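Here's the letter readout for the chains.
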Amino acid sequence: MALKFPIFMDAQSTTPCDPRVVEAMLPYFTEKFGHPASRNHPFGWEAEGAVDAARQRIASLLGARDPKELVFTSGGTEAINLALKGAAEMYREKGNHIVTTMIEQRAGLDTCKRLERQGFEVTYVPVRPSGLVDVDDVGRAITDRTILVSVMFANNEIGTLQDVAAIGKLAKARGVIFHTDATQAVGKVPVDVEAMGIDLLSCTAHLMYGPKGVGALYVRRRGPRVRLQPMLDGGGHERGMRSGTLPVPLIVGFGRAAELCAEGMPEEGARLARLRDRLQDMILSRVDEAFLNGDPARRLPHNLNISFAYVEGESVLMGLNKETALASGSACTSATLEPSYVIAALGASTELAHSSIRFSLHRFNTEEEVEFVGKRTIEVIGRLRDMSPLYELAKEGVDLKSIRWKAE
Ligand SMILES: Cc1ncc(COP(=O)(O)O)c(C=O)c1O
């Protein structure tokens, strides 16, 4: 089949909406437009029924005992904010300390920074070079003032899967609430809030082939019953935790997306891991000084993150972006180009943190696309290195660290 350009391999930024999801959503924009809180007529009952069915499907994907444990939000960012701020405020009398990691997504890190400004203390546990957090380090960080542990399930850059079950067990033993940002994991790898001892879990539809603008926070109701201070005041929807009219079409799409992920997960995961491994082998066998970031085994099946020494990640993207959509670890923020804090947290040099490229595959990627992207990446890296004086010096055996750069 002819390739269609540009090829999308940036599925950890967002995923395409599955056409079956769109099909399920469409009637809820037009003929089935009722308000789910309109309890006194059929339009409302229909909308409420659709929301209940979607809630059930998502709860089942998460292994939740009761669909009422789900609170719909506008996405992962809001779910994380509600989990952290809601728990911090609710349990402030009990303590003011939170334990998290250095590689959380910005929604987690920035919320913690805000809480610090409000008088909370936060411990940011480092990770090993593989990107895995040491469960014992989490244990050592917990004090008798700790009210919450928040560790992401899967990292958005390097795909590393934390030992969530061990952290859940530890948190339970120490009587601390455990939140996990599972936005990258739900629908891709098995998640089970009961078996893994998760008290709060954030997820989002647009990373699992659902629509943008809807997410959910799982809030445990039993053993322990977790309570949260709401962030929004209003009609008291979602058991008082998140006021606001529910976006019924988006929720229906989220539910259908959850159902499709549950049905296809083992085959889809295995297929994407095979394609990812092919891409990885192609690149690593043909490009020297290319380093795999993250844990080679404990990672999402569709994630591949490689640092290419002597080239800037942004230059690689520019060389490829007419044909292929990928992501670099460098985030262009205002005037400065910041290196990836995730790659830096693995202990990599600033140069390598600047040179990381994330390939993330999705349900609709094909083998031909993988072959094309692998081949073009190798070509572009080769071309950039041909123009790189640093690469040339390094190949001549010059120790770049010994060079004194001086402007005459
Ligand atoms: C790990 C992680 N957490 C949180 C979010 C935020 O989710 P949303 O875009 O739904 O607000 C993302 C989004 O990419 C993410 O990758």
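Note that the structure is predicted; figures quoted are calculated from it, not measured.

Draft legend 1. Highlighting the environment of Asp277. Within the secondary structure, Asp277 sits in helix H7 (residues 248-286). Sequence-wise, Asp277 and Met1 are 276 residues apart; in three dimensions their C-alpha atoms are separated by 22 Å.

Draft legend 2. Spotlight on the sheet that holds strand E12 (residues 327-328). Taken in spatial order, the 4 strands of this open sheet run E9-E10-E15-E12, and their pairing is antiparallel. The open sheet has two edge strands, strand E9 (290-292) and E12, and neither has a second partner. In terms of strand pairing, E12 meets strand E15 (residues 356-360) through 2 bridges, oriented antiparallel. Its bridge partner being in E15, Ser328 is matched across the sheet by Ile357.

Draft legend 3. View of a positive patch on the surface. A cluster of basic residues, Lys68, Arg225, Arg227 and Arg239, forms a positive patch on the protein surface. Tracing the chain through its elements places Arg239 in the loop between strand E8 (215-219) and H7. Assessed through its relative accessible area of 36%, Arg239 is described here as partly exposed.

Draft legend 4. Representation of the pairing of E15 within the structure. In terms of residue burial, E15 counts as a mostly covered element, since 5 of its 5 residues are buried. Because side chains alternate across E15, one face comprises the buried residues Ser356, Arg358 and Ser360, and the other comprises Ile357 and Phe359, equally buried. Bridge analysis of strand E10 (residues 303-308) against E15 gives 5 bridges, and the strand direction is antiparallel. The residue of E15 that forms the bridge with Leu304 is Phe359.

Draft legend 5. Region of interest: the sheet that holds strand E5 (residues 146-150). Taken together, the 7 strands give an open sheet; going across it, the order is E2-E8-E7-E6-E5-E3-E4, and neighbouring strands pair in mixed fashion. A strand with exactly one partner marks an edge of an open sheet, and here the two such strands are strand E2 (70-73) and strand E4 (121-125). Within this sheet the neighbouring strands show an average axis-to-axis angle of 20 degrees, counted without direction. In this sheet, E8 lies alongside E2 in antiparallel orientation, the contact comprising 4 bridges. Bridge pairing links Phe72 to Ala216 in E8. Helix H4 (residues 106-117) contacts strand E3 (97-101) and E4 of the sheet and is inclined by roughly 145 degrees relative to E4.

Draft legend 6. Here's a closer look at the domain arrangement of the protein. Taken as a whole, the protein is organised into domain 1 (7-12 + 265-399) and domain 2 (19-260). With centres defined by C-alpha atoms, the gap from domain 1 to domain 2 works out at 30 Å. In this assembly, 26 residues from domain 1 lie in contact with 34 residues from domain 2. For the pairing of domain 1 and domain 2, the buried interface totals around 2400 Å² over both sides, and the portion due to carbon and sulfur atoms is 56%. Of all residues in domain 1, Met265, Arg298 and Tyr341 bury the most surface against domain 2, accounting for 27% of the area lost on that side. Inspection of the region where domain 1 meets domain 2 yields 0 salt bridges. In this structure, the connection of domain 1 to domain 2 is made through 12 residue pairs in polar contact (both at pLDDT 80 or more).

Conventions we followed
Here the residue index of a chain counts from 1 through its sequence in written order. Given that this is a predicted model, residues contribute local features only at a pLDDT of at least 70 and side-chain atom pairs are listed and counted only at 80 or more, while totals for whole chains, interfaces and linings are drawn from all residues. Note that water and hydrogens are dropped before the side-chain values are worked out from all heavy atoms of the structure. Note on conventions: DSSP H or I runs of at least 4 residues are helices, E runs of at least 2 residues are strands, and numbering of each starts at the N terminus. Any two strands with at least two DSSP-identified bridges between them are counted as paired. Two joining distances apply to patches: 9 Å for like charges and 5 Å for nonpolar side chains (Val, Leu, Ile, Met, Phe, Trp, Tyr), and every residue must have over 30% relative accessible area and no salt bridge. To be clear on the numbers: accessible area is Shrake-Rupley with a 1.4 Å probe, and residue cover counts the displayed protein chains and nothing else. A side-chain nitrogen of Lys or Arg and a carboxyl oxygen of Asp or Glu constitute a salt bridge if their distance falls within 4 Å. We score Asp and Glu as negative and Lys and Arg as positive, and we do not count His or the chain ends. For this purpose, a charge sits on NZ of Lys, CZ of Arg, CG of Asp or CD of Glu. When a residue's accessible area, from a 1.4 Å probe over protein chains only, is under 20% of the maximum for its type it is buried; when over 50% it is exposed; and in between it is partly exposed. Only the stretch in contact is used when fitting a helix axis, every axis being a line fitted to C-alpha atoms; angles between N-to-C directions are given from 0 to 180 degrees. When checking whether two residues touch, look at their non-hydrogen atoms; a contact exists if any pair is within 4.5 Å. For each domain, the first and last residues come from an automatic or database assignment. Defined here as a combined quantity, buried area equals the accessible surface (1.4 Å probe) lost by two parts on assembly, summed across both. Nitrogen and oxygen atoms within 3.5 Å of one another constitute a polar contact, given that in protein one can donate a hydrogen and the other can accept it, and given that sequence-neighbouring residues count only through two side-chain atoms.

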